[in-house]
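Fold and contact review
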Amino acid sequence: MNYFTYQQDQLYAEKIPFVDIAQRFGTPCYVYSRSAIEQQWRSYELALASRPHLICYAVKANSNIAILNLLARLGSGFDVVSAGELARVIKAGGDPRKVVFSGVGKQAQEMEMALRAGIKCFNVESIPELHLLNTVAGQLHCKAPVSIRVNPDVDANTHPYISTGLKENKFGVGIEEAETVYRTAAGLEHLQITGIDCHIGSQITSTGPHIDATRRIIRLMARLKSAGINLKHIDIGGGLGITYADETPPDPSVFINEVTREITDDSIEVLIEPGRSIVGNAGVLLTTVLYVKEAGHKNFAIVDAAMNDLIRPVLYDAWQQILSVRQHISSPKRAYDVVGPICETGDFLGLDRMLTIASGDLLAICSAGAYGFAMSSNYNSRTRAAEVLVDQDQMYEIRQREHIEELYRGEQILP
Ligand code: LLP
């Protein structure tokens, strides 16, 4: 179900017109639908209900503590990749025992923080990382729970920058060396082997690559078992795609059913780390048209949001739908490049979009709930956008627009 719909000629977030949100909080601002987030999470939960499982929402997709808190209330776990993300989960009321810690470059102080918090496990990505984790756990007189991130060498058929499961990617340990890595882990006193995991990429729109990866991991688990290494959980990563334009990814429940069919041992706990598929289509970036510039061969709509607010279009060639908040049904449409105020040619949110636009109009950049605000920056010394969560007929400002003074907080002029 889509929670951003037109009623008469006005675009709504759940039961609130976007015009009201803009009036109250200004633009640019990110707007999320609580129902949309919860529906996606529940779709995963329902599909996994018949076996031991844990959904570890990938915090990197959208780390606002209000959203983490909503997921924690549903019982979600979390996948974090830094001390900062772990701190956010704890602040949001998430249970550290449901946290997995991923990432190729964990540092000693991050390991220490996670061990003290009592996380579920570290997804370890290399032998040197195993040794450092063993040392840190030894200093704290405990055993670190460990799962090895295995790189199954599967092509996820996605944008090269968000493909992670190929041999040439920096992630995980190669499937052919995984057994050696597990043996090394087994020989280290302060490590406790608990599971295995993989993550092959993001915005994957079919189940084939995940099925392939899971089969390879299951075969590896059988080999490990004969070597006396028994694992309690398998983490199949995240990566399920969403519809931006005309992609047709499976629903989370279909995806889970098809992938978990490969895991015949019902006693093994299944972990997943979805990010985009939970929040991506639950958020839009709301922006105001500042100027319309009609330059003969080309029309530009210059808006108050920019590449610092949403980097995906220029970074990944991403296409995100742009809707007029007020539909002009009878007026003719023209092609516009929707661009921001930043001094870069790459500062666009959409190119050649057929729209009816006048200065002062509001536009909604769709599918911006994942990797939108989370990847925003202060480039051109622009303050970061506000974030608003809509719950039926209520709207909550879950992050204030940054103030200009916050831009140089921590900076110092020489004496
Ligand atoms: N687990 C790990 C270890 C990951 O690296 C990622 C994403 C996820 C889970 C969640 O994947 P998802 O379900 O969201 O696809 N900024 C890019 C996406 C980068 C994804 C990085 N890793 C974008 O805007 O498309």
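Note that the structure is predicted; figures quoted are calculated from it, not measured.

Neighbouring the ligand are 19 residues; Ser-202, Glu-273, Arg-312, Tyr-316 and Tyr-371 lie closest to it. Between the ligand and Tyr-316 there is a distance of 2.8 Å, counted from a nitrogen atom to a side-chain nitrogen or oxygen. Residues that form the shell around the ligand fall into these classes: six nonpolar, seven polar and six charged. The two domains that each donate at least three residues to the shell around the ligand are domain 1 (4-32 + 280-408) and domain 2 (34-276).

Take the packing of aromatic side chains next. Under the defined criterion, the tally for this structure stands at five aromatic pairs. Centroid distance Tyr-30 to Phe-373: 6.0 Å. Interplanar angle 85°. Geometry classified as edge-to-face. With Tyr-30 in strand β4 (residues 29-33) and Phe-373 in the loop between β19 (362-365) and β20 (386-391), this residue pair connects regions lying 343 residues apart in the sequence. Using a relative accessible area of 0% as the deciding quantity, one classes Tyr-30 as buried. A relative accessible area of 10% places Phe-373 in the buried class.

Moving on: the pattern of salt bridges. Per the counting criterion, the structure on display carries 19 salt bridges. In this structure, Glu-112 and Arg-116 form a salt bridge, with 2.9 Å as the shortest nitrogen-oxygen distance. Of this pair, Glu-112 and Arg-116 are both found in helix α5 (residues 108-117), four residues apart, which corresponds to roughly one turn of the helix. A residue is classified by how much of its surface remains accessible, and Arg-116, at 61% relative accessible area, is exposed. Each of the salt bridges in this network shares a partner with another, and the network as a whole consists of Arg-34, Glu-38, Arg-42 and Asp-391.

A separate point is unusual backbone geometry. With an omega dihedral of -5°, the bond running from Thr-27 to Pro-28 counts as a cis peptide bond. Position of Pro-28 among the secondary structure elements: in the loop between α1 (18-25) and β4. One non-glycine residue with positive phi stands out, namely Asn-380, at about 65°. Structurally, Asn-380 can be placed in the loop between β19 and β20. A residue is classified by how much of its surface remains accessible, and Asn-380, at 34% relative accessible area, is partly exposed. Phi at Ser-381 takes a positive value of approximately 50°, unusual for a residue other than glycine. Note that Ser-381 resides in the loop between β19 and β20. With a relative accessible area of 57%, Ser-381 lands in the exposed category.

Okay, the environment of His-159 next. Tracing the sequence through the fold places His-159 in the loop between β9 (144-151) and β10 (173-174). The exposure class assigned to His-159 is partly exposed, which follows from its relative accessible area of 24%. For the pair formed by His-159 and Asp-317, sequence separation is 158 residues and the distance between their alpha carbons is 8.9 Å. Contacts of His-159, omitting those with residues within four sequence positions, involve Leu-315 and Tyr-316.

Looking now at the pairing of strand β6 (residues 77-80). The two faces of β6 match: Gly-77 and Asp-79 on one face and Phe-78 and Val-80 on the other face are all buried. The sheet contact formed by strand β5 (residues 53-58) and β6 spans three bridges and is parallel. Residue pairing for β6: Tyr-57 is matched across the bridge by Phe-78. When β6 meets strand β7 (residues 99-101), the two strands line up parallel, connected through three bridges. In the sheet register, Phe-78 faces β7, and the bridge partner there is Val-99. A crossover links β6 with its parallel partner β7, the connecting element being helix α4 (residues 83-91), and its sense is right-handed.

Moving on: the sheet that holds strand β1 (residues 4-7). Strand order in this open sheet of three strands is β1-β2-β3, and the pairing throughout is antiparallel. Each having just a single partner strand, β1 and β3 (16-17) make up the two edges of the open sheet. As defined by bridge partners, β1 adjoins strand β2 (residues 10-13) across four bridges and the pair is classed as antiparallel. Looking across to β2, one finds that Thr-5 is bridged to Tyr-12.

Another aspect to go through is the domain arrangement of the chain. Annotation of the chain at the domain level lists domain 1 (4-32 + 280-408) and domain 2 (34-276). Taking only C-alpha atoms, the centre of domain 1 and the centre of domain 2 are 32 Å apart. Taken together, the contacts link 23 residues of domain 1 with 21 residues of domain 2. Across the interface of domain 1 and domain 2, roughly 1900 Å² is buried in total on both sides, 55% from carbon and sulfur atoms. Our enumeration of links across domain 1 and domain 2 arrives at one salt bridge. Ionic pairing is found between Arg-34 and Asp-391, a salt bridge with its closest N-O pair at 3.1 Å. Our count for the domain 1 to domain 2 interface comes out at 11 residue pairs in polar contact (both at pLDDT 80 or more). Every element with two or more residues in the side of domain 1 that touches domain 2 is listed here: α11 (312-316), β20 and β21 (394-399). Among the elements that make up the side of domain 1 that touches domain 2, the one with the highest residue count is β20 (four residues).

Rules used in this analysis
Residues numbered from 1 in each chain as written. Predicted model: local features only at pLDDT ≥ 70, side-chain atom pairs only at ≥ 80, totals over all residues. Heavy atoms only, no water. Near = heavy atom within 4 Å. Polar contact = N/O pair within 3.5 Å; in protein donor to acceptor, adjacent residues only side chain to side chain. Nonpolar A, V, L, I, M, F, W, Y, C, P; charged D, E, K, R; others polar. Domains from an automatic or database assignment. Phe/Tyr/Trp six-rings, centres within 6.5 Å; stacked < 30°, edge-to-face > 60°. Helix = DSSP H or I, 4+ residues; strand = E, 2+ residues; numbered from the N terminus. Buried < 20%, exposed > 50% of the residue type's maximum accessible area, 1.4 Å probe, protein only. Salt bridge = Lys/Arg side-chain N within 4 Å of Asp/Glu carboxyl O. Contact = heavy atoms within 4.5 Å. Pairing = 2+ DSSP bridges. Right-handed = clockwise from strand over helix to strand, strands pointing away. Buried area = accessible area lost by both parts, 1.4 Å probe.

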